[in-house]
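Analysis of the macromolecular model
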Amino acid sequence: MLRMDSVSHSFITPTGQRMEVLSDVSISVEENEFFTVVGPSGCGKTTLLNIAVGLVEPAGGTVRHVTGASGGRPGAVGYITQDSNLLPWATVMENVMVPLEIRKVKRSERREQAAEWIRIVGLGGFEDHYPRQLSGGMQKRCAIARTMVYDPEIVFMDEPFGALDALTKTTMQKILLDLWQTRRKTIIFITHDLTEAIALSDRVGVMTGRPGTLKAVVPVPLGRPRDVYRITGAPGFESLRNELWSLLETDLDP
Ligand SMILES: Nc1ncnc2c1ncn2[C@@H]1O[C@H](COP(=O)(O)OP(=O)(O)O)[C@@H](O)[C@H]1O
Ligand SMILES: [Mg+2]
């Protein structure tokens, strides 16, 4: 579904020096897979996603999107960024309708489809609220609805639940897993939360510190459907978490 080969990238710092951010990253993600990337802060995760969705041209390497057989509108890509990027002057309903407007969906259908997704993510009754009138979790729900409404076959998510409290975060994980399971999407997810990575993913890619490179890809052997509220008690959870920590800790600052 997505194939990145030997991707590398660098930025010029404010003092004019070249800083290598990504080095030789190769990732291959299957259709309907839930693939998560973890790595130390500043290792280039967001840059990697920006390259994957085509917002940034990599200095080296190639990115290829392959159209899948199922699970969304062929070629359509969703991107949920670290901050939800909702339009502050638009209501929940208006925010969710934006992608449909861009796609020139008929006005009557726009409202219907947006309302359906607002209901699915549990925001029914808040259609006329503005983003500032929503909690962090509700803003995330709105961002998810806005992405899912145009039915992308692949969705990229950059630490979407990082700023939420533990309870809200777990609820959002459940909503996302349910969506992924029923709508058959391919998801590429970034987090620095290992419990979250294990709860959600089929495989976890572990990155080194900057310049980030993929040091290991670890399969998550836990069965599905998963109970995100009790995931830490699932057989195999502890050993997998230890394995991921061991891979990460050599790259963390003391
Ligand atoms: N547009 C940019 N210009 C210059 N430096 C950047 C730019 N975007 C990111 N960087 C730098 O690249 C490094 C990796 O950033 P980022 O991809 O956001 O890391 P992560 O998401 O893993 O925390 C950081 O040191 C950051 O300062
Ligand atoms: Mg980031």
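As shown above, the structure is provided for reference.
Residues numbered from 1 in each chain as written. Chains lettered and ligands numbered in written order. Predicted model: local features only at pLDDT ≥ 70, side-chain atom pairs only at ≥ 80, totals over all residues. Heavy atoms only, no water.

So, on to the site of ligand 1. Lining the immediate environment of ligand 1, one finds Phe 11, Met 19, Val 21, Ser 41, Gly 42, Cys 43, Gly 44, Lys 45, Thr 46, Thr 47 and Arg 210. In this structure, Lys 45 approaches ligand 1 through a main-chain N or O atom, which is 2.8 Å from an oxygen atom. A distance of 2.8 Å separates an oxygen atom of ligand 1 from a polar atom in the side chain of Thr 46. Here ligand 1 has 560 Å² of accessible area as a free molecule, and 60% of this is covered by the chains. Put simply, the parts of the chain that give the shell around ligand 1 at least two residues each are strand E2 (18-29) and helix H1 (45-53). Per element, the largest residue contribution to the shell around ligand 1 is 3 residues, and it comes from H1. (Near = heavy atom within 4 Å. Polar contact = N/O pair within 3.5 Å; in protein donor to acceptor, adjacent residues only side chain to side chain. Areas by Shrake-Rupley, 256 points an atom, 1.4 Å probe, with all protein chains shown as cover. Helix = DSSP H or I, 4+ residues; strand = E, 2+ residues; numbered from the N terminus.)

It is worth spelling out the sheet that holds strand E4 (residues 60-65) at this point. Read across the open sheet, the 3 strands follow the order E2-E1-E4; overall the sheet is antiparallel. Every other strand in the sheet has two partners, leaving E2 and E4 as the edge strands with one partner each. Going across the sheet, the axis of each strand differs from the next one's by a mean of 25°, ignoring polarity. Sheet analysis places strand E1 (residues 2-12) next to E2, joined by 8 bridges and oriented antiparallel. For Ser 10, the partnering residue across the bridge sits in E2 and is Glu 20. The strands that H1 touches are E1, E2 and E4; relative to E1, the one it contacts most, it runs at about 125°. (Pairing = 2+ DSSP bridges. Axes fitted to C-alpha atoms, helices over the stretch in contact; angles between N-to-C directions. Contact = heavy atoms within 4.5 Å.)

Between its first and last C-alpha atoms helix H3 (residues 107-120) spans 20 Å; for 14 residues at 1.5 Å apiece the expected length is 20 Å, and the two agree. Every buried residue belonging to H3 is among Arg 110, Ala 114, Trp 117 and Ile 118, and all of these are buried. Along the axis of H3, the buried residues cluster in a sector spanning 105°; they form a single face. Turned more than 90 degrees away from the buried face of H3 sit Ser 108, Glu 112 and Arg 119, all of them exposed. Elements that come into contact with the buried residues of H3 comprise helix H2 (92-102), helix H4 (136-148) and helix H5 (166-183). Gly 122 sits one or two residues past H3 and shows a positive phi near 85°. (Expected span 1.5 Å × (residues − 1). Buried < 20%, exposed > 50% of the residue type's maximum accessible area, 1.4 Å probe, protein only. Arc of directions from axis to C-beta.)

Residues Ile 144 and Met 157 are the most contacted members of the largest nonpolar core, which totals 53 residues. If we ignore the near neighbours within four places in the chain, the residues touching Ile 144 are Ile 80, Val 121, Met 157, Phe 161, Met 172 and Leu 179. Listed in part, the 23 residues of the second largest apolar core include Val 21, Cys 43, Leu 49 and Ala 52. (Core = buried A, V, L, I, M, F, W, Y, C linked by side-chain atoms within 4.5 Å.)

With that settled, consider the packing of aromatic side chains. Enumeration according to the criterion identifies 3 aromatic pairs in this entry. When the centroid spacing of 5.7 Å and the interplanar angle of 75° are considered together, the rings of Phe 34 and Trp 180 count as edge-to-face. Of this pair, Phe 34 sits in strand E3 (residues 34-38) while Trp 180 sits in helix H5, and the two are 146 residues apart along the sequence. The buried category is assigned to Phe 34, whose relative accessible area is 0%. Ring-pair connections join several aromatic residues into one group, and the members of that group are Phe 34, Phe 161, Trp 180 and Phe 189. When the ring centre of Trp 180 is taken as origin, the NZ or CZ atom of Arg 184, which lies over that ring, is 5.4 Å away. (Phe/Tyr/Trp six-rings, centres within 6.5 Å; stacked < 30°, edge-to-face > 60°. Lys NZ or Arg CZ within 6 Å of the ring centre and 35° of its normal.)

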